[in-house]
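Structure assessment
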Amino acid sequence: MQLYHTQSGALLAYESKFYLIDEPWDTLINRDGLEPYLLNKIQTGQPIATDEQAHWLMDDALFPPIGSQEVWAAGVTYLKSRDARMEESQSSGAASLYDRVYDAERPELFFKATASRVSGHKQMVYIRKDSAWNVPEPELTLFINSNGNIQGYTCGNDMSSRSIEGENALYLPQAKIYEKSAGLGPCLYVTSQPISGETKINMVIKRGEVKAYEDSTKVSQIKRSFTELASFLFREMDFPNGCFLMTGTCLVPSSDFTLQEGDVVEISIDGIGTLINTIGINPKHK
Ligand code: DO4
Ligand code: MG
C-alpha cells in the first residue's frame, strides 16, 4: 500500500481505492505495525476519496512524505559508489577512506537534512553554485519509527557535489547539506515485509528532449542489510518521531557528467513509484 502526504492529510492507496486517514502524519507513520493498522482502518470504514479527488491530491497538492523528522544517509554501501569516490578523491589522497569504510564493520552514516530542506515529488532540488560537478544520487530510503523498526520505504535523491567532496573528504557536509539538497517521495510504501532484493532502482536524467543518462540496478547489490544500517543509526540517538535513512547510491553517472539547471531527474523504485525533481539554483545565491 502507498501512503501519500497531502494537503488534505494522509491519503492511502490500496487495491485501486483511496482512503483519507484522519490522523496527524507524524503520529500515523510512527506506529509499530503500520501496515496492519492501516488495513484495520480500511476495514472499520474510512472516508473514501473519489479517483478524481485522489489524483488531484497526488498531482497538485502533494507534500514530501516527511513531517518533522531528520533525514540521515548511509554512504559507500554499493561498489559503484565506492569506486566512483575513490576515483574522484585520488588527488586529495582520501581514496583509501572509501575502500576502508566499504569493508569496515561500522557503516558510514551522516546527517543529510532537516525536513525544511527536503523537496517532494515535482518540486525543485538545487545544485550548488560554488560546485563545478554535481550529481543526483538515487537511494532507497527507509522510514524507521521511534522504536527503530522499518515501517516503510520511499525514493530518495541525495544531491551531491562531487567536486567539493573530491577536493577534501572533510568537506562532506558542504557537499551534501544545503538548501533543497534532498528529494523524497512520491509516497511512503508501507509494508511489514522486508523489501525484496529483486526491487529495481532506475534513474533517468533528461536534458530537454534528450535522455542524458539512464541506468538501473537491483537493491540486492547493496553490501549491508537495512536492519544493520538502522541499528547503527539508533545506537546512541533517539528519534521521537522516527527518521528517514537514505541507504546509499547504487548508480553514478560517468565522471564527465554534471547536472545543469533545468535537467529533470526521475528516480523510480518498484512498489514506490517515481520521484521527479527539476534541477534549479537557489535564486538567493544566483
Ligand atoms: O562518502 C560519502 C558519501 C557517500 C554517499 O552519499 C553514497 O554512497 O551514497
Ligand atoms: Mg548518497
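To be clear, the structure that these remarks concern was listed above.
In what follows, the accompanying structure is described. (Residues numbered from 1 in each chain as written. Chains lettered and ligands numbered in written order. Predicted model: local features only at pLDDT ≥ 70, side-chain atom pairs only at ≥ 80, totals over all residues. Heavy atoms only, no water.)

1. Regarding the overall build of the protein chain
Here is the rule: Helical segments are the DSSP runs of H or I of at least four residues, strand segments are the runs of E of at least two, and each set is numbered from the N terminus. Each residue's exposure class comes from its accessible area (1.4 Å probe, protein chains only) as a fraction of the maximum for that residue type: buried when under 20%, exposed when over 50%, partly exposed otherwise. Pairs of residues are marked as contacts when any of their non-hydrogen atoms sit within 4.5 Å.
Summing up its helical and strand segments, the protein chain has eight helices and 18 strands in all. The dimensions of the protein chain, computed from C-alpha atoms along their principal axes, are 60 × 45 × 35 Å. Sorting the 286 residues of the protein chain into buried and exposed places 55% on the buried side. Taking the intrachain contacts of the protein chain between residues at least 6 apart in sequence as the baseline, contacts between residues at least 24 apart amount to 75%.

2. Considering the nonpolar core
Cut-off, in case you're wondering: The term nonpolar core refers to a set of buried residues drawn from Ala, Val, Leu, Ile, Met, Phe, Trp, Tyr and Cys, joined through side-chain atoms within 4.5 Å.
Counting residues in hydrophobic clusters, the biggest one holds 52 residues, and the most contacted among them are Leu11, Leu140, Phe226 and Leu259. Broken down by element, the residue count for this core peaks at four residues, all from helix α8 (residues 226-233). Setting aside anything within four residues of it in sequence, one finds Leu259 in contact with Ile127, Asn134, Val135, Pro136, Met159, Ile205, Arg207, Val265 and Ile279. Counting residues in hydrophobic clusters, the runner-up holds 26 residues, among them Leu34, Leu38, Ile66 and Phe110.

3. Section: the coordination of the magnesium ion (ligand 2)
Just so we agree on the cut-off: Each metal's donors are the N, O and S atoms within 2.8 Å of it, or within 3.2 Å when it is Na, K or Ca, and because water is not part of the set, sites may look incomplete.
For the magnesium ion (ligand 2), every protein donor is listed as Glu137 (OE), Glu139 (OE) and Asp158 (OD), and the spread of their distances is 2.0 to 2.1 Å. Site description for the magnesium ion (ligand 2): donor spacing in sequence, E-x1-E-x18-D. Taken as a pair, Glu139 in strand β10 (residues 138-144) and Asp158 in strand β11 (residues 150-158) lie far apart in primary sequence, 19 residues in all.

4. A look at the sheet that holds strand β14 (residues 200-207)
What counts, and what does not: What makes two strands pair is DSSP finding at least two bridges between them. Here, axes are lines fitted to C-alpha atoms. For helices the fit covers the stretch in contact, and angles between N-to-C directions go from 0 to 180 degrees.
If you trace the five strands from one edge of the open sheet to the other, you get β8-β18-β17-β14-β15, paired in mixed fashion. The strands lining the two open edges of the sheet, one partner per strand, are β8 (124-126) and β15 (210-218). Each strand axis lies, on average, 25° off the axis of its neighbour in the sheet, ignoring direction. In this structure, β14 lies alongside strand β17 (residues 264-269), joined through six bridges in antiparallel fashion. Looking at β17, one finds that Ile201 is bridged to Ile269.

5. Comments concerning the environment of Ser131
Operational definition: Think of a polar contact as two N or O atoms within 3.5 Å of one another; within protein, one of them needs to be a possible hydrogen donor and the other a possible acceptor, and neighboring residues in sequence only count if both atoms come from side chains.
Residue placement: Ser131 occurs in the loop between β8 and β9 (134-135). Judged by its relative accessible area of 9%, Ser131 falls in the buried class. Each C-alpha atom of the pair Ser131 and Ala49 lies 45 Å from the other, and the pair is 82 residues apart in sequence. In contact with Ser131, not counting residues within four places along its chain, are Ser161, Ser163 and Ile164. Of the polar contacts made by the side chain of Ser131, one reaches the backbone oxygen of Trp133; its length is 3.3 Å. At a separation of 2.7 Å, a polar atom in the side chain of Ser131 contacts the side chain of Asn134.

6. Remarks on the pairing of strand β2 (residues 9-14)
In this sheet, β2 lies alongside strand β1 (residues 2-6) in antiparallel orientation, the contact comprising five bridges. By the bridge assignment, Leu3 is partnered in β2 with Leu12. Turn length for the β1-β2 hairpin, with the two strands adjacent in sequence and antiparallel, is two residues. With five bridges joining them, β2 and strand β3 (residues 17-21) adopt antiparallel strand pairing. The residue bridging Leu11 from the neighbouring strand is Leu20, located in β3.

7. Topic: the pattern of salt bridges
Selection criterion: Salt-bridge detection follows one rule: a side-chain nitrogen of Lys or Arg within 4 Å of a carboxyl oxygen of Asp or Glu.
Considering all chains together, one arrives at 19 salt bridges under this definition. In this structure, the salt-bridge partner of Lys176 is Asp158, at a minimum N-O distance of 2.8 Å. Placement of the pair is Lys176 in helix α7 (residues 172-176) and Asp158 in strand β11, with a sequence separation of 18 residues. Asp158 sits in the buried class, given a relative accessible area of 1%. Note that Arg207 is salt-bridged to Asp263, the shortest N-O span being 2.6 Å. With Arg207 in strand β14 and Asp263 in the loop between β16 (243-246) and β17, this residue pair connects regions lying 56 residues apart in the sequence. For Arg207, a relative accessible area of 27% corresponds to the partly exposed category. With relative accessibility at 1%, the residue Asp263 sits in the buried group. Put simply, Arg85, Lys112, Glu137, Asp158, Glu165 and Lys176 are held in one network by salt bridges that share partners.

8. Looking at the side chain of Asn157
Along the chain, the position of Asn157 falls in strand β11. Since its relative accessible area comes to 0%, Asn157 is described here as buried. A distance of 3.2 Å separates a polar atom in the side chain of Asn157 from the backbone nitrogen of Glu137. Non-local contacts of Asn157, meaning those with residues more than four positions away in its chain, are made with Val125, Pro136, Glu137, Ser181, Ala182, Gly183, Met246, Val265, Ile267, Leu275 and Asn277.

By themselves, these observations are geometric and do not establish any function.
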